[in-house]
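Inside the fold
Here's the letter readout for the chains.
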Amino acid sequence: MLPLIALFAQATAPAAVPTLAPPAVAAPAANPAVAPVKVRLETAAGPIVIAVDREHAPLTAANFLRYVDAKKLDGIAFYRAVKVGDGYGLAQFGTRNDPKRTLPPVAFEPTSKTGLSHVDGAISMAMAKPGTAAGDFFVVVGDLKSMDAHDNDPGFAVFGRVVEGMDVIRRILGSPTSPTDGIGVMKGQMLSPTIRINTARREP
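This section reports on the structure supplied with the text. (Residues numbered from 1 in each chain as written. Predicted model: local features only at pLDDT ≥ 70, side-chain atom pairs only at ≥ 80, totals over all residues. Heavy atoms only, no water.)

Bringing empty space enclosed by the protein into the picture now. There is about 40 Å³ of room inside the largest cavity. In this structure, the largest cavity is lined by Thr60, Val106, Ala107, Phe108, Glu109, Met125, Met127, Ala133 and Ala157. Considering only residue class, the lining of the largest cavity consists of 7 nonpolar, 1 polar and 1 charged. (1 Å grid on protein atoms, 1.4 Å probe; cavity = no way out; pocket = protein on both sides within 12 Å on 5 of 7 lines; lining within 4 Å. Points joined across faces, edges and corners; volume = space filled by probe spheres on them. Nonpolar A, V, L, I, M, F, W, Y, C, P; charged D, E, K, R; others polar.)

Now the structure itself:
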């Protein structure tokens, strides 16, 4: 299997349980300024709801929300399904460098900085190298923590997680792909047909 970083050439031990419970402490009030924002994708395969993590990945989250608020994701599609094992992989969607839809690249926020990880349902930025991510995104199916930053590998930038509709993501991952479409490592990974995203909107 190719290292997962190559897939985008294109585009602690648990704490011991105390014997006595500590005194109860009131949980701090949630800060609405950094609360997750839910975004609903209405797709041809069904609805998907993403919780966008503005607290831990503020730059990357803001980038995604700019696309949503400007309606630049309306009418795009899931176009790629990468299967890396039984029940593992990723489903990719985005603007595919369409100049009418694509905004300038966003600064890179590695998982080593955000504390987020490529666990099942995580949404992350597709990129060729740090600093080039713009309008293409992928959702992870299964835990693929090898895509996190480690050693000299920058990994990819997680900025949220699917909270509803992972069944839809799994259907997309299992959808037919073209044996001939795609260049390099992407050959054979391009969905045929693609799966349209009708609308992307913040939930109230």
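A separate point is the pairing of strand 2 (residues 46-52). Walk down a regular strand and you will see the side chains alternate between the two sheet faces. Burial analysis of strand 2 places 6 of its 7 residues in the buried class, the great majority of the element. Judged from the 7 bridges that link them, strand 1 (residues 37-43) and strand 2 form a sheet pairing that is antiparallel. Paired with Leu41 across the bridge in strand 2 is Ile48. In textbook terms, the turn of a hairpin is the stretch between consecutive antiparallel strands, and for strand 1 and strand 2 this stretch comprises 2 residues. (Buried < 20%, exposed > 50% of the residue type's maximum accessible area, 1.4 Å probe, protein only. Helix = DSSP H or I, 4+ residues; strand = E, 2+ residues; numbered from the N terminus. Pairing = 2+ DSSP bridges.)

Let's shift gears to unusual backbone geometry. For the bond from Ser192 to Pro193, the omega torsion is 5°, close enough to zero to count as cis. As for its placement among the helices and strands, Pro193 is situated in strand 8 (residues 190-202). Residues other than glycine seldom take positive phi values, yet Lys71 does so here, at roughly 60°. With respect to the secondary-structure elements, Lys71 resides in the loop between helix 1 (58-69) and strand 3 (77-85). Look at Asn97: it is not a glycine, yet its phi comes out positive at around 65°. Relative to the helices and strands, Asn97 is located in the loop between strand 4 (88-94) and helix 2 (111-114).

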